[in-house]
Amino acid sequence: MLTNRTSEIQNRLHRFIFRSLDDLMADRLAMDAEAVMLDLFHRTANRVPAYRAFLDAHGIAPETIGTFDAFRQLPLIDKPNYMHVYPLPERCRNGSLLECDRVAVSSGSTGKPTFWPRSIIDELDIALRFEQLFHDSFRVHERSTLAVVCFALGNWVGGLYTTSCAWHLAAKGYPLMVATPGNKKEEIFRVIQELAPRFEQTVLLGYPPFIKDVVDAGLAAGIEWPRYRVKMVFAGEVFSEEWRSLVGERVGSKARCYDSASLYGTADAGVLGNETPLSIAIRRFLADHPKAARELFGESRLPTLVQYDPISRFFEAHEETLVVSGDNGVPLVRYHIADKGGILNYREMRDFLRDWGVSLTDYGLDDTFSCRPLPFVYVFGRADFTVSFYGANIYPENVTVGLEQPEIMAWATGKFVLETKESADGDKYLSVTAELLPGATADDRKCQALAESVKAQLLRLNSEFANYTPVEKQLPEVTLRPFEDPEYFPAGVKHRYTRR
């Protein structure tokens, strides 16, 4: 029986498959994002029982919200005041899980794992972000491509969401095959060795440290990555441009702005934005000019910088954190994801680059590249992942750059744990425990080299550290641990870069 939902799915599939990326994006750029969000609010208030109850609890009558200014005064929803208060079905349209057809689970990094139902309609919206990457950066429409999903499979959002979106691109007609070994290195290598030679390029998709582990272990196993014209899609963590360059070199990358891209995604809202060749070129400029980065972001550390489609996911800044609205299996209206960051419109970014006299062709952007005029969102690691030392907030992103120097990465994976510790005499000191590459051994020379590298980057990038920390306390104490050390670097779990 043809239901309204079935009809909508057919219409959305037809539109996604039979219209080009350029046409789809042109339509979105012509739309009024504020009007779209106001409509989302009213549809959610009418169809989602939990949101109606939430508004009632705050004394808000939906019919009084008639302007975008009124929309911006709506109370924020978050996990404690909404997701953990109202039953899951009531957070879905018409109070029914049957409005969705699949489910993912959040990582539970902030508490109890949360279920996030969605439908193929929600997925097609996110597939457009993957299409941007695969089309604009990797030119998949011109090259036969093997996509290797290296995210963990199962209920966790990364693996199956990525797989589904890649399948949608293949259904659209891109010359694309999707392999799903998950986060099992032996299976990944089997796929690469058997299938990659049969394609013009190979895309590895996964968390940054795991993809690096795959590349390094593959090199040790004799895999010649440059043969396969490797591209990489990352998600889940901030990384430095030094890291991008180093991993790019190991796979034979020749075009840093086009051979990799990061997604900004969450289990609750899907993919919120994606790196583009333009955003990568800007970030590479900022990595070379910390003063410009501080002017733009107000921080010494370099965030993830992506562009986003405000028709799909609409961002607002709230007390230096991010709020997002977007349609989904659980519709989100002013949802406080609490990631530290901010937003910049396209014109603001263009003017900033003009004022600094930046030529992005110097940072890898092809002068023939056609930039889509989408706004930017920047995202730091969560504020609660910092370590305080002599009053200075030490960010993992600052330490990361110290590990990602070429002379260090010859024997270190790039993973570390940052801590403040106390000596037997009660003196505080900064501790960095780093992971060695497979087969590498620890010695005093390596510890000293790593300590000096981390100190140099902290002094360069973190003005609080440079000004607050006594000179005699600036050199961290470094401990080197074996690859996949069970206490600090256990295999198969998401790594945390700080301990308290």
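Parameters and conventions
- Residues numbered from 1 in each chain as written.
- Predicted model: local features only at pLDDT ≥ 70, side-chain atom pairs only at ≥ 80, totals over all residues.
- Heavy atoms only, no water.
- Pairing = 2+ DSSP bridges.
- Helix = DSSP H or I, 4+ residues; strand = E, 2+ residues; numbered from the N terminus.
- Axes fitted to C-alpha atoms, helices over the stretch in contact; angles between N-to-C directions.
- Contact = heavy atoms within 4.5 Å.
- Buried < 20%, exposed > 50% of the residue type's maximum accessible area, 1.4 Å probe, protein only.
- Polar contact = N/O pair within 3.5 Å; in protein donor to acceptor, adjacent residues only side chain to side chain.
- Phe/Tyr/Trp six-rings, centres within 6.5 Å; stacked < 30°, edge-to-face > 60°.
- Expected span 1.5 Å × (residues − 1).
- Nonpolar A, V, L, I, M, F, W, Y, C, P; charged D, E, K, R; others polar.
- Right-handed = clockwise from strand over helix to strand, strands pointing away.

(A) Representation of the sheet that holds strand 17 (residues 428-436) in the model. Strand order in the open sheet formed by three strands is 16-17-18, and the pairing between neighbours is mixed. Each of the sheet's edge strands pairs with one partner strand only, and the pair in question is strand 16 (412-422) and strand 18 (477-481). Pairs of neighbouring strands in the sheet enclose a mean axial angle of 25°, with direction left out of account. As paired strands, strand 17 and strand 18 are joined by five bridges and run parallel to one another. Residue Val432 lies in a different strand from strand 18, and its bridge partner there is Val478. Along the sheet, helix 15 (residues 396-403) contacts strand 16 and strand 17; its crossing angle with strand 16, the most-contacted strand, is approximately 130°.

(B) Spotlight on the side chain of Glu316. Take Glu316: it is sitting in strand 10 (residues 314-318). Among the residues examined, Glu316 registers a relative accessible area of 5% and is labelled buried. For Glu316, the side chain forms a polar contact with the side chain of Arg334, separated by 3.0 Å. If sequence neighbours within four positions are ignored, Glu316 has contacts with Phe71, Arg72, Thr321, Leu322, Val323, Arg334 and Ile343.

(C) Broad picture of the packing of aromatic side chains. On inspection of all chains with the given rule, the structure shows 25 aromatic pairs. Ring geometry for Tyr51 and Tyr82: centres 6.3 Å apart, planes at 75°, overall edge-to-face. Here the residue Tyr51 occupies a position in helix 4 (residues 49-57), and Tyr82 occupies one in helix 6 (residues 79-83), the gap between them amounting to 31 residues. Pair check on accessibility: Tyr51 and Tyr82 agree, each one buried. Considering the side-chain rings of Phe297 and Phe380, the 6.4 Å spacing of their centres and the 90° angle between planes classify their relative orientation as edge-to-face. Here Phe297 is found in helix 13 (residues 290-297), whereas its partner Phe380 is found in the loop between strand 13 (376-379) and strand 14 (387-389), with 83 residues between them in sequence.

(D) Layout of helix 8 (residues 157-172). Under the 1.5 Å per step criterion, the end-to-end length of helix 8 is 23 Å for 16 residues, consistent within 8% with the ideal 22 Å. All buried positions along helix 8 are accounted for by Val157, Gly158, Gly159, Tyr161, Thr162, Thr163, Ser164, Cys165, Ala166, His168, Leu169 and Lys172. Where helix 8 ends, the next residue or the one after it, Gly173, has phi of about 115°, a positive value.

(E) Just the packing of helix 12 (residues 277-288) against helix 13, in detail. Two numbers describe how helix 12 lies on helix 13: the axes approach to 5 Å, and their chain directions differ by 115°. On helix 13, the residues touching Phe285, Leu286, Ala287 and Asp288 of helix 12 are Pro290, Ala292, Ala293, Leu296 and Phe297. Classifying every residue of the contact of helix 12 with helix 13 gives eight nonpolar, no polar and one charged.

(F) Fine view of the pairing of strand 8 (residues 270-274). In terms of burial, strand 8 is largely enclosed, as five of its five residues are buried. Hairpin connection between strand 7 (residues 260-266) and strand 8: a loop of three residues separates the two successive antiparallel strands.

(G) Spatial organisation of the pairing of strand 5 (residues 201-206). Counting buried positions along strand 5 yields six of six residues, so the element is predominantly enclosed. Relative to strand 5, strand 3 (residues 145-149) runs parallel, the two being bridged by five bridges. Pairing of Val148 across the sheet is with Leu204, part of strand 5. Sheet topology note: the strand 5/strand 6 (residues 230-235) ladder contains five bridges and is parallel. By the bridge assignment, Gly206 is partnered in strand 6 with Phe234. Once the chain exits strand 5 it traverses helix 10 (residues 208-220) before rejoining the sheet at strand 6, and the crossover so formed is right-handed.

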